[in-house]
Amino acid sequence: MSADRFAVKKEDRFVFGIWCLQNRGRDPFGDQTRPELSVTECLKGLAQRNAYGFEFHDNDIVPFGCSAAERDRHIREIKKLMADLNIKATMATTNLFYHPIFKDGAFTSTDPAIRAFAVQKVMNCLDIAHEMEAKVFVFWGGREGTEVDASKDPIEAAKWFREALNFLCEYVLDRDYDIKFALEPKPNEPRGDLYLPTVGSILAFIATLDHPEMCGVNPEVAHVKMSGLNVYHEFAQALDAGKLLDVHLNDQKPLRFDQDLSFASDNLKDAFFLAKLLEDHRYEGTIGFDAHPYRSEADPWDFVERNMRNYKILKAKVQQFNENKEIQQLLAEIHGVNPDLRTILGRYSKEQADKLRQTAFDVDRLTARRLPYERLDQLVTEVLLGVA
Ligand code: GLT
Ligand code: MN
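Everything in this summary refers to the structure shown in the same document. Everything numeric in this text was worked out from a predicted model, so none of it was measured. (Residues numbered from 1 in each chain as written. Chains lettered and ligands numbered in written order. Predicted model: local features only at pLDDT ≥ 70, side-chain atom pairs only at ≥ 80, totals over all residues. Heavy atoms only, no water.)

Attention now goes to helix 15 (residues 373-385). Think of an α-helix as 3.6 residues a turn; residues three or four steps apart then line up on the same face. The end-to-end C-alpha distance of helix 15, which contains 13 residues, comes to 18 Å, matching closely the 18 Å that a straight helix rising 1.5 Å per residue would cover. The inward-facing, buried residues of helix 15 contact helix 10 (268-280), helix 11 (301-323) and helix 12 (325-335). (Helix = DSSP H or I, 4+ residues; strand = E, 2+ residues; numbered from the N terminus. Expected span 1.5 Å × (residues − 1). Contact = heavy atoms within 4.5 Å.)

See the structure below:
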């Protein structure tokens, strides 16, 4: 038997949103094209393929409005299945976007009763997350936004959003749950404009919360590309801040409607650099995929397999990049200049400032230095195309 070097292992920590597997191929212009899988079928299929775990919304596993007894039964059954299949629930999130009650927002609805209902729904979901031992709890503000800016003041909306999150942080502390919050940015869709559209806006917002240490970011490739931003840089911003708690890998053609394509199916280079970021900096969270099989697929399994496989292939390419002699020589040349000045800006002191003032710079020489980026970039292309 020939060993597949890209065979998925538990330690790859691959997880999928249940909603991705249950996606029925419906879109705004057409009806469903395949049957919805049961949660049991989803978990069995993931376990068979060695996925580490799954992410879920409250209503993916407990129907909206069901009784307490029904809720308990669903959770009991799912926990048994998880134990039998050796598969973990790694992230939980609340569906605050599907039910029409949230048509003008959940935490940022203009109606305080709806805001309170949303917080109550999240509290119930936090209880479920705790029971399922999910440690990351995502907030994707799918309905938090506007089409009509006359309808609400964004400062007021931010205040409501903050109030809800502060309340929920206290709830987690009060219950002593081992759970952290991860906010997921998106620029638009389903609302005309969503609040908290980018990683940077979320980081700035977190700094205004009562418990910033409990909150981080869950960036998604497609959402970054919908904004026309750089995927590598956006994810890096969260990682640099120590706030990258979860990731949603997928793909997307830039500046279009939310496509939720498979990871690395649109732009290999973007995907490569994202894998490089996560591998080089030893990101420790799970590798989550949030995408949909093409509408033309009869079931999600080729989709599941290719997402995990693409990550593993790109991870191998990252290693190849890091071990490529010519690439490393070029990088050493680019970064190896003026070693004696490397720490001059280190930490400010009067002496350091004097030293800097007295340093003479050869502007012409610095300007003229060689930056072999055409060659460097070509080598990336050759690594990716398998000819390096
Ligand atoms: C929804 C959305 C995703 C979010 C999920 C969490 S659900 O499908 O498109 O980006 O991560 O609520
Ligand atoms: Mn997502």
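The next subject is the packing of helix 4 (residues 68-85) against helix 5 (residues 112-132). Look at helix 4 against helix 5: their axes get within 11 Å of each other, and the N-to-C directions meet at 30°. Classed by the angle they form, the pair helix 4 and helix 5 counts as roughly parallel. The way helix 4 lies across helix 5 gives a crossing that is right-handed. Here helix 4 contributes R71, I75, I78, K79 and M82 to the contact with helix 5, which in turn contributes D127, I128, E131 and M132. Class assignment of the residues belonging to the contact of helix 4 with helix 5 gives a composition of five nonpolar, no polar and four charged. (Axes fitted to C-alpha atoms, helices over the stretch in contact; angles between N-to-C directions. Parallel < 35°, antiparallel > 145°, perpendicular 65-115°, else oblique. Left-handed = near helix turned anticlockwise from the far one by under 90°. Nonpolar A, V, L, I, M, F, W, Y, C, P; charged D, E, K, R; others polar.)

Further remarks concern the pairing of strand 6 (residues 180-184). Within strand 6, four of the five residues are buried, which leaves the element mostly enclosed by the surrounding structure. Where strand 4 (residues 136-140) lies against strand 6, five bridges are found, and the strand directions are parallel. Along strand 6, the bridge assignment pairs V138 with A182. As paired elements, strand 6 and strand 8 (residues 215-217) share three bridges and run parallel to each other. Bridge assignment links A182 to a residue of strand 8, and that residue is G216. (Buried < 20%, exposed > 50% of the residue type's maximum accessible area, 1.4 Å probe, protein only. Pairing = 2+ DSSP bridges.)

The next thing to look at is the environment of E189. For E189, the position within the fold is in the loop between strand 6 and strand 7 (193-194). Among the residues examined, E189 registers a relative accessible area of 27% and is labelled partly exposed. Spatially, the C-alpha atoms of E189 and M226 are 9.7 Å apart, while their sequence positions differ by 37 residues. In this structure E189 touches W140, L194, M226, F257 and D258, once residues within four positions along its chain are discounted. Engagement of the side chain of E189 in a polar contact is seen with the backbone nitrogen of D258, the distance being 2.6 Å. (Polar contact = N/O pair within 3.5 Å; in protein donor to acceptor, adjacent residues only side chain to side chain.)

Below, the discussion takes up the coordination of the manganese ion (ligand 2). Coordination of the manganese ion (ligand 2) by the protein involves E184 (OE), E220 (OE), H248 (ND1) and D290 (OD), with metal-donor separations of 1.9 to 2.2 Å. Metal-centred angles of 71 to 164° between the six donor atoms at the manganese ion (ligand 2) mark the site as octahedral. Expressed as a motif, the donor residue spacing for the manganese ion (ligand 2) is E-x35-E-x27-H-x41-D. Taken as a pair, E220 in the loop between strand 8 and helix 8 (221-226) and H248 in strand 9 (residues 247-249) lie far apart in primary sequence, 28 residues in all. Assigned by exposure class, E220 and H248 land together as buried. (Donors = N, O, S within 2.8 Å, 3.2 Å for Na, K, Ca; no water. Tetrahedral: all angles 85-135°; square planar, octahedral: opposite > 155°, others 65-115°.)

On to the packing of helix 10 against helix 11. Relative orientation of the contacting elements helix 10 and helix 11 amounts to 75°, with a least axis distance of 9 Å. As summarised for this structure, helix 10 and helix 11 are arranged roughly perpendicular, according to the angle between their axes. Contacts between helix 10 and helix 11 involve L268, A271, F272, A275, K276, L278, E279 and D280 from the former and Y311, L314, K315, K317, V318, F321 and N322 from the latter. Its residues assigned to classes, the contact of helix 10 with helix 11 comprises nine nonpolar, one polar and five charged.

Bringing a nonpolar patch on the surface into the picture now. Where nonpolar side chains cluster on the molecular surface, the patch consists of L345, L356, F361, V363 and L366 and spans about 470 Å² of accessible area. As for its placement among the helices and strands, L356 is situated in helix 13 (residues 350-358). For L356, a relative accessible area of 32% gives the class partly exposed. (Patch = residues over 30% accessible without salt bridge, like charges linked within 9 Å, V, L, I, M, F, W, Y side chains within 5 Å. Areas by Shrake-Rupley, 256 points an atom, 1.4 Å probe, with all protein chains shown as cover. Salt bridge = Lys/Arg side-chain N within 4 Å of Asp/Glu carboxyl O.)

Further remarks concern the side chain of N307. Along the chain, N307 turns up in helix 11. Among all residues touching N307, those that are not within four sequence positions of it are F16, S262, F263 and F289.

Taken together, W19, H57, T93, F97, W140, E184, E220, H223, H248 and D290 make up the full set of residues adjacent to ligand 1. In the environment of ligand 1, an oxygen atom lies 2.6 Å from a nitrogen or oxygen atom belonging to the side chain of E184. Within the complex, 92% of the 310 Å² of free accessible area of ligand 1 lies under protein. Taken together, the residues of the shell around ligand 1 sort by class into three nonpolar, four polar and three charged. (Near = heavy atom within 4 Å.)

Here we take up the nonpolar core. Soluble globular proteins tend to pack their nonpolar side chains together in the buried interior. Membership of the largest hydrophobic core comes to 103 residues, with the highest contact counts inside it found for F107 and F181. Examining the composition of this core, we find that nine residues originate from one element, helix 5, more than from any other. In this structure, F181 is in contact with L126, F137, F139, L165, L168, C169, V172, M214, C215, G216 and L245, ignoring residues within four places of it in sequence. (Core = buried A, V, L, I, M, F, W, Y, C linked by side-chain atoms within 4.5 Å.)

Attention now moves to the packing of aromatic side chains. Throughout the structure, instances matching the rule amount to 20 aromatic pairs. Between F107 and F139, the ring centres sit 5.9 Å apart and the planes meet at 45°, which makes this aromatic pair tilted. Within this pair, whereas F107 is found in the loop between strand 3 (88-93) and helix 5, its partner F139 is found in strand 4, the two being separated by 32 residues in sequence. Taking relative accessible area as the criterion, F107 reaches 2% and is therefore assigned buried. Owing to a relative accessible area of 6%, F139 belongs among the buried residues under this scheme. When the centroid spacing of 5.1 Å and the interplanar angle of 45° are considered together, the rings of Y232 and F273 count as tilted. In this pair, Y232 sits in helix 9 (residues 231-240) while F273 sits in helix 10, placing the two residues 41 residues apart along the sequence. (Phe/Tyr/Trp six-rings, centres within 6.5 Å; stacked < 30°, edge-to-face > 60°.)

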